[in-house]
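For reference, the chains in residue letters:
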Amino acid sequence: MSGTSRRSPKETESKHLPIYRHRDKLVQAVKSSTFLVVTGETGSGKTTQLPQYLHEAGFCKDGRIGITQPRRVAAITVAQRVAQEMQCTLGKEVGYQVRFDDCTSQDTQVKYMTDGCLLREILADPGLSQYSVIILDEVHERSLNTDILMGLLKKIFSDPDKATKGRSFPLKVVVMSATLETEKLSAFLSDCPVFAIPGRAFPVTCTFGSAVGPKDIESTAYVKEVVKVALDVHTSEMAGDILVFLTGQSEIERACDLLFEKAECIDYRYDVHDRTVEGLLILPLYGSMPTDQQRQIFQPPPKGIRKCVVATNIAATSLTINGIKYIVDSGFVKQLNHNSRVGMDVLEVVPISKSEAQQRAGRAGRTSPGKCFRIFSKDFWETCMPEYTVPEIQRTSLTAVVLTLKCLGVHDVVRFPYLDRPEERFILEALKQLYQFDAIDRRGTVTDLGKLMVEFPLHPGLTRAVLRAASVGCEDLLLPVAAMLSVENIFIRPGHPEKQKQADQRHRALAAKTGSMNDFATLLSVFQLCKSSDRPSAWCKDNWIHWRALKSAFSVETQLREILLRLQQKRDFPAETFDGNKSELFRRCLCTGYFNNVARRSVGKVFCTMDGHGSMVHIHPSSSLFDQEAELNWVIFHDVLVTSRVYIRTVCPIRYEWVKDLLPKLHEVDVYELSSVAREEVTEEEMVKWEMKEAAKRPSEVSAADAMKKMEKRSTDSSVSDARARYLQRKQQRQQSKAL
DNA sequence: AGAAAAGGT
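Looking at an unreviewed UniProt entry, one finds chain A named RNA helicase and attributed to Salarias fasciatus. Quoted verbatim from the Sequence similarities (unreviewed entry) field of the UniProt record, the comment on chain A reads "Belongs to the DEAD box helicase family. DEAH subfamily." We quote the UniProt Catalytic activity (unreviewed entry) comment for chain A here in full: "ATP + H2O = ADP + phosphate + H(+)".

Q: Let's hear about the state of the cysteines: which residues, and what values?
A: Counted by the stated rule, this structure contains 0 disulfides. Looking at the unpaired C308, the closest cysteine sulfur is the one in C256, lying at 7.4 Å. C589 provides the cysteine sulfur closest to C474, a residue in no disulfide bond, and the two sulfurs are 3.8 Å apart. In this structure C474 comes out as buried when scored by relative accessible area, which is 6%.

Q: Describe the protein's contact with DNA strand B, with residues and values.
A: Surveying the vicinity of DNA strand B reveals 36 residues, the closest of which are R72, G287, K334, L336 and N489. For DNA strand B, the backbone portion of the atoms within 4 Å of the protein, that is sugar and phosphate, comes to 51%. Separating a phosphate oxygen of DNA strand B from a backbone N or O atom of R72 is a distance of 2.4 Å. Between R493 and DNA strand B, the recorded distance is 2.9 Å, taken from a side-chain N or O atom to a base nitrogen.

Q: An account of the sheet that holds strand β3 (residues 94-98) is needed here, citing residue identities and associated values.
A: Spatially, the 8 strands line up as an open sheet ordered β4-β3-β5-β2-β6-β7-β1-β8, and their pairing is mixed. The open sheet has two free edges, formed respectively by β4 (101-103) and β8 (194-196), since each of these has just one partner strand. Between one strand axis and the next, the sheet turns by 20° as a mean value, whatever way the strands run. Relative to the sheet, helix α2 (residues 23-32) contacts β1 (35-39), β7 (172-177) and β8, its axis offset from that of β1 by approximately 150°.

Q: Tell me what's going on with the sheet that holds strand β19 (residues 606-609), and back it up with residues and numbers.
A: If you walk around this closed barrel you meet the 5 strands as β18-β19-β20-β22-β21, and the pairing is mixed. Sheet twist, expressed as the mean angle between neighbouring strand axes with direction ignored, is 55°. In the sheet, strand β18 (residues 598-603) pairs with β19 via 4 bridges, with the strands oriented antiparallel. Pairing of A599 across the sheet is with T609, part of β19.

What counts, and where the lines are drawn
- Each chain carries its own residue numbering, running from 1 in the written order of its sequence.
- Naming scheme: in the order in which they are written, chains are lettered from A and ligands are numbered from 1.
- At least 70 in pLDDT is required for a residue's local features to be given in this predicted model, at least 80 for side-chain atom pairs to be given and counted, and no such filter applies to totals for whole chains, interfaces and linings, which use all residues.
- Values shown for side chains rest on all heavy atoms present in the structure; no hydrogens or waters enter the calculation.
- UniProt positions are given in the numbering used here, feature names are shortened, and annotations may be inferred rather than shown by experiment.
- To count as a disulfide, a pair of cysteine sulfur atoms needs to be within 2.5 Å.
- Relative accessibility under 20% of the residue-type maximum defines a buried residue, over 50% an exposed one, and the middle range a partly exposed one, all with a 1.4 Å probe and only protein chains included.
- The near set for a molecule or strand comprises every residue that places at least one heavy atom within 4 Å of it.
- N or O atoms closer than or at 3.5 Å make up a polar contact, with two conditions inside protein: a donor-capable atom paired with an acceptor-capable one, and, for residues adjacent in sequence, both atoms drawn from side chains.
- Strands are labelled as partners when DSSP assigns at least two bridges between them.
- Secondary structure elements are defined from DSSP: runs of H or I of at least 4 residues count as helices, runs of E of at least 2 residues count as strands, and each element is numbered from the N terminus.
- As a rule, the C-alpha atoms of each element are fitted with a line to give its axis, helices using only the stretch in contact, and angles between N-to-C directions run from 0 to 180 degrees.
- By the convention used here, residues are in contact when the closest approach between their heavy atoms is within 4.5 Å.

Okay, here's the thing in structure tokens:
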């Protein structure tokens, strides 16, 4: 064990970091307290230096130092830099671990990892016995996993046995955050000391606009406005690159088009993603863009040319672009919110929080003083923007989280120490779902099945389907599907109308090949066809399939298969026999995981969900079932998308008989008691009647009963339909702005 | 008759 310090060229550099003066005091602070909060803006050096200080101060005598990051790339790149500074080979004294990439060894004393990795480790070793110090970094981002880790680490110390067992001195916990809500963090961790490190950011002057006021929450005027402001900056401000924040791909492409048109310039490059106009280089940036195109963003522009990057929120935390001096902020972001009133996740455009606006502004002051142009008014700032972003844990489905907690022995998941407590109905909804999956019993205790389920890095519904498949011996059908559904969308749909037509045609052909009108089967087929192809990447290109996404589906499938094998060898695995054809077997396995997502044809092309909400939904145009009329009465679906209508996407026809035993279970669970459930024979008619009656109890929502009554009037008075109305309004505005 | 933000096990 080496605790001696080593001199390196890099070390001289690190001595100039703001954190260096505080070195001894920091080490002392960690020594004298169980919990410590360290705050400091980007550039203070806390992420790279603190672990090294602790390492040299001898904290690795008793175990490792573990540092968590919310993102993979960050964990890897920081580890690389620290290994360099400590002059050791990456993977030896300094290492990192992220999914699919474990670069650590027996010698690893400083270990960077994603927060999800540490959570997995806690499942295997609740006392974290191999660590002497745990450092949670970027806590202010409030990622779901980091929030859970905060609660778990706090809880470890309420159980003195856990915090000291197998150690010569107790575990230390350091929480690192930007200078936000530090009192709250300290109060949460037994009023622990807060250590503030000055940052090294340059001042950014912010100005407010007048185009977006409190009445414009639903408007899309901001796209035109950011374009106008960006051009103003280009013509009237000193040299320096521009970063524009918008919400999504189509919006960004439209803004780039507008920028290009309005600059009245000549397109002398044929590549749409590399256009230079009037000394302005316009570059779109969003997550699903090809990586090599993303890389272009980081290159400095040619001499005398100003770069203008039009980006999603990806540029707020995940990517840092050098040379940015001007920010143009739309004030909006696209966010996935779980709506427990209609029991589904909805992707929607919402105003950002004040703290997020400040984070965006800060992107202009990394290398020199900068300016931030907010297109919204001061009034909008005051009345429409919340102080802080609602943390993920309060706006996401908690099913997987609750299962993890239960498996860690947290029985009372409602009273778990959350930094911000989720609404109780979210937790109860999660408990109900887990009960329906047989992952917990009626007293809320984890079942053997639940213990198997927690091992899989998947949504519990998908896991349930995979386990059912494994017990009847058809996991080869379900593992690829589970993998495909847990990576980003693999079907490419370009913006260009002609190419769009081509892509749609290809995808339709792929679906037709299966001959089964089942979108899950299409996914399976795409997986298999590409895997067995000689030139998989060319195959993807031909078929408008996202090669990067498919590659990650391949790795996920391999990982899932390994986990399944390990469990089958280790434990008594449930087994059942089933006779019937393969297609039926496949679909019945899916039903085991998706009985929350059942819909039945109501009138014409309208389907009604049978989840107790009775929402009216349509089949999405990308589905192979889209134009199928008759004989198709019951379906299950993977997810819901709210745009011009409420669409269900990735759909599969089923028979009522396959879900009838599961549906009553769905409705009769008393979530407060999770009490015993009667399994009675229920006919299809009774089922539908029940759903209509339940739907009628909620007049404010889109219900089957409502829809039947007002079908001609095309009623839209519901929370889901609110989203639809907003969408239509936006669409209208878009068309108007195009016409102008 | 029509479409997807960012992460992560």
